[in-house]
Amino acid sequence: MDLAALKTQLKNFVQSMFEEGVLDNQFSQIQALQDSTNPNFVEEVITLFCNDAERIINEINRNLGYQNVDFSNLDSYVHQLKGSSSSIGANRLKLACANLRQASDERNKEGCLQALQLITCEYCLLRRKFQALLHLERSIVELETNQK
Amino acid sequence: MGMAIDRDDTQFHVLAVDDSLIDRKLIERLLKTSSFQVTAVDSGSKALEFLGLNNNDADDDEEYEQRDSNTESVSSDEDQDHQDLGLGVNLIITDYCMPGMTGYDLLKKIKKSSSFKDIPVVIMSSENIPSRINRCLEDGAEEFFLKPVQLSDVNKLRPHLMKGRSKDIDSSHKTTSTRLISSGD
């Protein structure tokens, strides 16, 4: 596939993520911060985000495994995940966090477990899409480098 | 040598404080895109450390009375270092919600410090809580940005920095003579 076609494919792919509500405008802001002096910025941010999100989701899982859940601890983790999601433009994941926040506020363990399932779902979807996005990005960079 | 104001007049140095790795990366990129020099740290205590302010130093004038076994003793040489380090930072931008020292706590400490109280402080938060915002602004924060911070927010920083710079130039002579007196020479 040629460079122009790849770029179009990437653009359309990101657009579909906007339309599905998976991403919001904040992601465009991040893309806009990538330039020739920082050619891997999007990849770096996505990588940081995924590592962080997985760490937090694991911690929340662990927390909810205890008989007596430490809800204030849980609160702190949800806050972190919601913040990261917001910063990268992960819209649906951010909304899923609000669900967990609500259940945690109500000290509703069952509600928290359900909300966590949704978060895990949304995160897995997002990660899959990010992987596809990065694959496209790398192909583009490779082609551009070869053309120089 | 005295106090050398070693400052590149074309570049401002911003100290960014945020416990979130992603947010640190973002704010750093935003600031650099706007041609600021950036130092990013992950806590309020690291910020104070960078400025040369010991965690327990609430007010430089009280330093000599505040010594206890836990506090590093502050000599008059270190007092000079505080000033020199502090002059390197033109603005502090900090997250509000951080474990340990919050951005608000950091704001208070900065404003209590005779060396650094004139450095503009900007607070960022993911939560839109009017009482929180008002409290920060009333207690000395120049601006309050809602996260995620945008380039348009960062563009609002320059006027605060320009204001600070002209004040620095005016007060530099006064600061020199004050230090000479307090260092006990």
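Everything quoted here is computed from the prediction, not taken from an experiment.

Asker: Break down the UniProt feature "modified residue: 4-aspartylphosphate" (unreviewed entry) in chain B for me, with residues and values.
Answerer: Residue and element names in this part refer to chain B. In the numbering used here, UniProt assigns the feature "modified residue: 4-aspartylphosphate" (unreviewed entry) to Asp-95. Locating Asp-95 in the fold gives a position in strand S3 (residues 91–95). We classify Asp-95 as buried; its relative accessible area is 6%. Not counting residues within four places of it along the chain, the set of residues in contact with Asp-95 comprises Val-17, Asp-18, Asp-19, Gly-103, Met-124, Ser-125 and Lys-147.

Asker: Any chance you could break down the pattern of salt bridges for me, citing the residues and the numbers?
Answerer: All names here are of chain A. Counted by the stated rule, this structure contains 21 salt bridges over all chains. As a salt-bridge pair, Asp-75 and Arg-101 come within 3.9 Å of each other at their nearest N and O atoms. In this pair, Asp-75 sits in helix H4 (residues 71–88) while Arg-101 sits in helix H5 (residues 91–105), placing the two residues 26 residues apart along the sequence. By relative accessible area, which is 21% here, Asp-75 ends up partly exposed.

Asker: Requested: an account of the packing of H5 of chain A against helix H6 (residues 109–147) of chain A, with residues and values cited.
Answerer: All names here are of chain A. The N-to-C vectors of H5 and H6 enclose an angle of 170 degrees; their axes lie 8 Å apart at closest approach. When the axis of H5 is compared with that of H6, the two are roughly antiparallel. For the crossing formed where H5 meets H6, the hand is left-handed. From H5, Arg-92, Leu-93, Ala-96, Cys-97, Asn-99, Leu-100, Ala-103 and Ser-104 reach across to H6, where they touch Gly-111, Cys-112, Ala-115, Leu-118, Ile-119, Glu-122, Tyr-123, Leu-125 and Leu-126. Taken together, the residues of the contact of H5 with H6 sort by class into twelve nonpolar, three polar and two charged.

Asker: I'd love a proper account of the packing of aromatic side chains, names of residues and values included.
Answerer: Applying the stated criterion across every chain yields a total of two aromatic pairs over all chains. Their ring planes at 80 degrees and their centres at 6.4 Å tell us that Phe-49 of chain A and Phe-130 of chain A sit as a pair that is edge-to-face. Taken together, the residues span a long stretch of sequence, with Phe-49 of chain A in helix H3 (residues 41–65) and Phe-130 of chain A in helix H6 at a distance of 81 residues. For the residue pair Phe-49 of chain A and Phe-130 of chain A, the accessibility class agrees, reading buried in each case. The rings of Phe-27, Phe-49 and Phe-130 of chain A are connected pair by pair, giving a single aromatic cluster. Over the aromatic face of Phe-41 of chain A sits the side chain of Arg-29 of chain B, whose NZ or CZ is 5.9 Å from the ring centroid. Taking the ring centre of Tyr-104 of chain B as reference, the NZ or CZ of Arg-135 of chain B above it sits at 4.1 Å.

Basis of the calculations
- Residues numbered from 1 in each chain as written.
- Chains lettered and ligands numbered in written order.
- Predicted model: local features only at pLDDT ≥ 70, side-chain atom pairs only at ≥ 80, totals over all residues.
- Heavy atoms only, no water.
- UniProt positions renumbered as here; feature names shortened; annotations may be inferred.
- Helix = DSSP H or I, 4+ residues; strand = E, 2+ residues; numbered from the N terminus.
- Buried < 20%, exposed > 50% of the residue type's maximum accessible area, 1.4 Å probe, protein only.
- Contact = heavy atoms within 4.5 Å.
- Salt bridge = Lys/Arg side-chain N within 4 Å of Asp/Glu carboxyl O.
- Axes fitted to C-alpha atoms, helices over the stretch in contact; angles between N-to-C directions.
- Parallel < 35°, antiparallel > 145°, perpendicular 65-115°, else oblique.
- Left-handed = near helix turned anticlockwise from the far one by under 90°.
- Nonpolar A, V, L, I, M, F, W, Y, C, P; charged D, E, K, R; others polar.
- Phe/Tyr/Trp six-rings, centres within 6.5 Å; stacked < 30°, edge-to-face > 60°.
- Lys NZ or Arg CZ within 6 Å of the ring centre and 35° of its normal.

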